[in-house]
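Listed below are the residues making up each chain.
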Amino acid sequence: MSLTEIAFYFLSFLAIFSALAVILSKNPVYSVLYLIVTFFSIAGHYFLMNAQFLAAVHIIVYAGAIMVLFLYVIMMLNLNEEQEEKTKNWVKIAAVVSACSIMLIMVSLISKSTYNMGKAPMAGDAGLVQNLGKVLYKDYLLPFELASVLFLAAMVGAVYLSKKETSKS
Amino acid sequence: MEILPNITIQHYLWLSTALFALGVFGVLLRRNAILMFMCIELMLNAVNIALVAFSKVHGDTSGQVFVFFIMVVAAAEVAVGLAILMMLYRNLHTTDTDALNNLKG
């Protein structure tokens with residue numbers, strides 16, 4: 001086994017087990033922490049695939065911004081005590097069955113597909129900042145600008161929604 | 001079609017499938033709205049892994065640009081979603097989605 005193979009399997013198992021821990025842990029704070037572990041291992045996968053820019057952005061955006069936002073909300077709602085959820089038994093069984101059937105469908109599709117027949121070019125430096133920036137600012141300039149408008153709308157919406165309602169009369 | 005030595009596109013697709021199925025499982029199993037949000041993030045990231053793997057196989061940067069845009073939309077979604085959650089908690093004093101049964105006949 002080469003070093004990259006070991007790294008791939010280690011990161012994959014880390015991602016899957018911490019994802020499982022996110023779902024199964026009772027305390028929401030632990031879920032957030034395990035989700036951060038998952039995101040770091042996904043960033044490690046990006047590094048393995050030579051997508052350095054995405055790996056850095058992934059850590060900054062997810063572990064740095066989104067997870068902090070989650071932790072703040074959990075702190076403000078005071079949800080950090082362990083509380084038993086009253087999930088009905090048939091809901092649990094239905095969740096297991098439907099997740100397993102989605103997994104089964106996709107695995108059978110992937111293993112039956114003839115996609116890997118051809119030989120594709122392997123450009124190793126597609127994920128470097130220089131190449132990504134060229135594509136982003138040449139071919140995807142309009143979506144890039146629209147994303148900033150989306151952010152503005154999301155920001156206004158978030159501020160408006162979380163504002164405390166003053167007197168209604 | 002190897003991405004790394006001895007690691008093919010199939011390996012990455014299986015990883016992506018496993019993470020996506022776990023996300024679906026979490027959304028269906030947990031009743032806490034914050035946990036459901038986190039599982040949605042998990043599903044988005046599973047799709048991102050598949051996109052980056054395909055981008056690597058084809059040597060095309062567009063796939064990674066799509067991942068970038070997915071991250072943008074996910075960040076906006078989390079900001080608005082958590083604001084909605086705050087409003088929900090202020091009105092109902094719970095984040096349990098089973099408490100939201102006003103539309104039930």
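On a predicted model such as this, the values are computed, not experimentally measured, just so you know. (Residues numbered from 1 in each chain as written. Chains lettered and ligands numbered in written order. Predicted model: local features only at pLDDT ≥ 70, side-chain atom pairs only at ≥ 80, totals over all residues.)

Novice: Which residues make up the overall build of chain B, and what are the values?
Specialist: Helices and strands together make up the secondary structure of chain B, namely three helices and two strands. Moving toward the C terminus, one meets the helices and strands of chain B in the order β-β-α-α-α. With the principal axes as the frame, chain B shows a C-alpha extent of 55 × 25 × 20 Å. Burial statistics for chain B: of 105 residues in total, 48% are counted as buried. Sequence separation of 24 or more characterises 47% of the internal contacts of chain B that already satisfy a separation of 6 or more. (Helix = DSSP H or I, 4+ residues; strand = E, 2+ residues; numbered from the N terminus. Buried ≥ 20, exposed ≤ 12 C-beta atoms within 10 Å, placed from the backbone. Contact = placed C-beta atoms within 7 Å.)

Novice: Any chance you could break down the packing of helix α4 (residues 89-112) of chain A against helix α1 (residues 9-29) of chain B for me, citing the residues and the numbers?
Specialist: At a closest axis distance of 9 Å, the pairing of α4 of chain A and α1 of chain B adopts a crossing angle of 160°. Considered as vectors, α4 of chain A and α1 of chain B are oriented roughly antiparallel to each other. In this structure, α4 of chain A crosses over α1 of chain B, and the sense of that crossing is right-handed. Residues K92, A94, A95, S98, A99, I102, M103, M106, V107 and I110 of chain A of α4 of chain A form the contact with α1 of chain B, whose own contacting residues are Q10, L13, W14, T17, A21, V24, F25, L28 and L29 of chain B. Among the residues forming the contact of α4 of chain A with α1 of chain B, the class breakdown is 15 nonpolar, three polar and one charged. (Axes fitted to C-alpha atoms, helices over the stretch in contact; angles between N-to-C directions. Parallel < 35°, antiparallel > 145°, perpendicular 65-115°, else oblique. Left-handed = near helix turned anticlockwise from the far one by under 90°. Nonpolar A, V, L, I, M, F, W, Y, C, P; charged D, E, K, R; others polar.)

Novice: Explain the interface of chain B and chain A residue by residue, including any values.
Specialist: Taken together, the contact between chain B and chain A spans 64 residues of the former and 66 residues of the latter. Elements represented by at least two residues in the side of chain B that touches chain A include exactly β1 (2-4), β2 (7-8), α1, α2 (33-58) and α3 (62-92) of chain B. If you tally residues by element for the side of chain B that touches chain A, the top one is α3 of chain B, at 20 residues.

Novice: Provide a residue-level description of α4 of chain A, including the pertinent values.
Specialist: In this model α4 of chain A runs 34 Å from its N-terminal to its C-terminal C-alpha over 24 residues, within 8% of the 34 Å that 1.5 Å per residue would give. Of all 24 residues that make up α4 of chain A, one are buried, and the element is exposed over most of its length. (Expected span 1.5 Å × (residues − 1).)

Novice: I'd like to hear about the nonpolar core, residue by residue, with values.
Specialist: Grouped together as the largest cluster of nonpolar side chains are 59 residues, with contacts concentrated most on Y46 of chain A together with L19, M38, L42, I49, V52 and A53 of chain B. Looking at this core, the elements with two or more residues in it are α1 (3-24), α2 (28-48), α3 (52-77), α5 (129-138) and α6 (141-162) of chain A together with α1, α2 and α3 of chain B. If one sorts the elements of this core by residue count, α2 of chain B sits on top with 14 residues. (Core = buried A, V, L, I, M, F, W, Y, C linked by C-beta atoms within 7 Å.)

Novice: Now, about the packing of α3 of chain A against α2 of chain B: what can you tell me, with residues and values included?
Specialist: Relative placement of two packed helices is described by the angle separating their axes and the distance separating the axes. Put simply, α3 of chain A and α2 of chain B touch, their axes get as near as 12 Å, and they point 175° apart. One element, α3 of chain A, and the other, α2 of chain B, form an angle in the roughly antiparallel class. Across the interface between the two elements, L54, I66, F70, V73 and I74 of chain A of α3 of chain A pack against I34, M38, E41 and V52 of chain B of α2 of chain B. When the residues that make up the contact of α3 of chain A with α2 of chain B are grouped by side-chain class, the tally is eight nonpolar, no polar and one charged.

Novice: Summarise the confidence of the model for chain A; cite the residues concerned and give the values.
Specialist: Per-residue pLDDT for chain A has a mean of 86; in total, 88% of the residues score no lower than 70. Confidence over residues 117-121 of chain A falls short of pLDDT 50; this stretch has five contacts with residues more than four positions distant or in other chains. (pLDDT = per-residue confidence, 0-100.)

Novice: Please provide a residue-by-residue account of unusual backbone geometry, values included.
Specialist: Positioned with a positive phi, N50 of chain A is a non-glycine residue whose angle comes to about 65°. Unusually for a residue other than glycine, H93 of chain B sits at a positive phi of about 60°. Taking the number of C-beta atoms within 10 Å as the measure of exposure, H93 of chain B has 9 and is therefore exposed.

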